[in-house]
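# Chains, contacts and geometry: an overview
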Amino acid sequence: MPSMRIFVATVYGGALDVAELSQPLCEQAGFQVNILEEPELEDLVNAPPDIALFCISTTGSGDFPGNFMRFADNMANQLPDLSHQRYGLIAMGDSSYDTFCGAGRKLDNVLQKCGAQRIGERLEIDASRTPMADDEALPWIESWLPIARESLQ
């Protein structure tokens with residue numbers, strides 16, 4: 001059974017909610033899923049999952065939430081070879097700020113610099129239009145999962 005790790009960057013728990021609601025859908029698609037609320041870079045580099053899914057909210061001026069700061073800083077500083085890694089990304093933000101989805105966009109750029117292969121398009125959820133992020137995230141997950149499975153073959 002292929003493995004999936006869901007890496008969560010959250011301030012008020014919205015990204016964690018998306019991860020927890022996505023987990024059963026991912027398991028039904030045949031993945032063994034682990035949610036990481038306090039991720040370390042080693043969770044991605046050492047014994048990497050077959051697929052990584054990032055649920056990332058933005059805080060401050062396009063910054064990463066505190067629980068994800070060390071992960072993001074270590075990745076940006078070390079730029080590990082992630083050419084073997086496939087991933088999906090759900091970015092959450094508020095378009096009334098200039099830094100809309102800034103953390104998710106930054107992470108996507110660093111993952112690309114490390115050679116990781118994004119599966120599908122990045123989902124950007126706007127809290128000013130969609131107060132419940134899972135209203136957009138779950139349909140996206142359902143359409144993303146077949147693409148993720150196919151990428152493993």
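Since the model is a prediction, treat every value here as computed from it, not as a measurement.

This paragraph deals with the overall build of the chain. Each helix and strand counted, the chain has 5 helices and 6 strands in total. For the chain, the α and β elements follow one another from N to C terminus as β-α-β-α-β-α-β-α-β-β-α. A compact globule built from 153 residues would reach a C-alpha radius of gyration of about 15 Å, and the chain, at 14 Å, matches this within 12%. Viewed in the frame of its principal axes, the chain has a C-alpha envelope of about 40 × 35 × 25 Å. Of all 153 residues assigned to the chain, the portion counted as buried reaches 48%. Excluding contacts between residues fewer than 6 apart, the proportion of contacts in the chain whose partners are at least 24 apart in sequence is 80%.

It is worth spelling out the packing of aromatic side chains at this point. Summed over all chains, the structure comprises 7 aromatic pairs. Taken together, a centroid distance of 6.2 Å and an interplanar angle of 55° make the contact between Phe54 and Phe71 tilted. Pair noted here: Phe54 is in strand 3 (residues 51-57) and Phe71 is in helix 3 (residues 66-78), with a separation of 17 residues, a long-range link. A residue is classified by how much of its surface remains accessible, and Phe54, at 0% relative accessible area, is buried. In this structure Phe71 comes out as buried when scored by relative accessible area, which is 0%. Ring centres of Phe68 and Phe71 lie 4.7 Å apart, and the angle between their planes is 40°; this geometry places the pair in the tilted category. Taken together, the residues span about one helical turn, with Phe68 and Phe71 both in helix 3 at a distance of 3 residues.

It is worth spelling out the confidence of the model for the chain at this point. With 100% of its residues at a pLDDT of 70 or more, the chain shows a mean pLDDT of 94. Of all the helices and strands in the chain, strand 6 (residues 123-126) carries the lowest mean pLDDT, 92, while strand 1 (residues 3-9) carries the highest, 98.

Reading guide: rules and limits
Residues numbered from 1 in each chain as written. Predicted model: local features only at pLDDT ≥ 70, side-chain atom pairs only at ≥ 80, totals over all residues. Heavy atoms only, no water. Helix = DSSP H or I, 4+ residues; strand = E, 2+ residues; numbered from the N terminus. Rg over C-alpha atoms; globule rule 2.2 N^0.38 Å. Buried < 20%, exposed > 50% of the residue type's maximum accessible area, 1.4 Å probe, protein only. Contact = heavy atoms within 4.5 Å. Phe/Tyr/Trp six-rings, centres within 6.5 Å; stacked < 30°, edge-to-face > 60°. pLDDT = per-residue confidence, 0-100.

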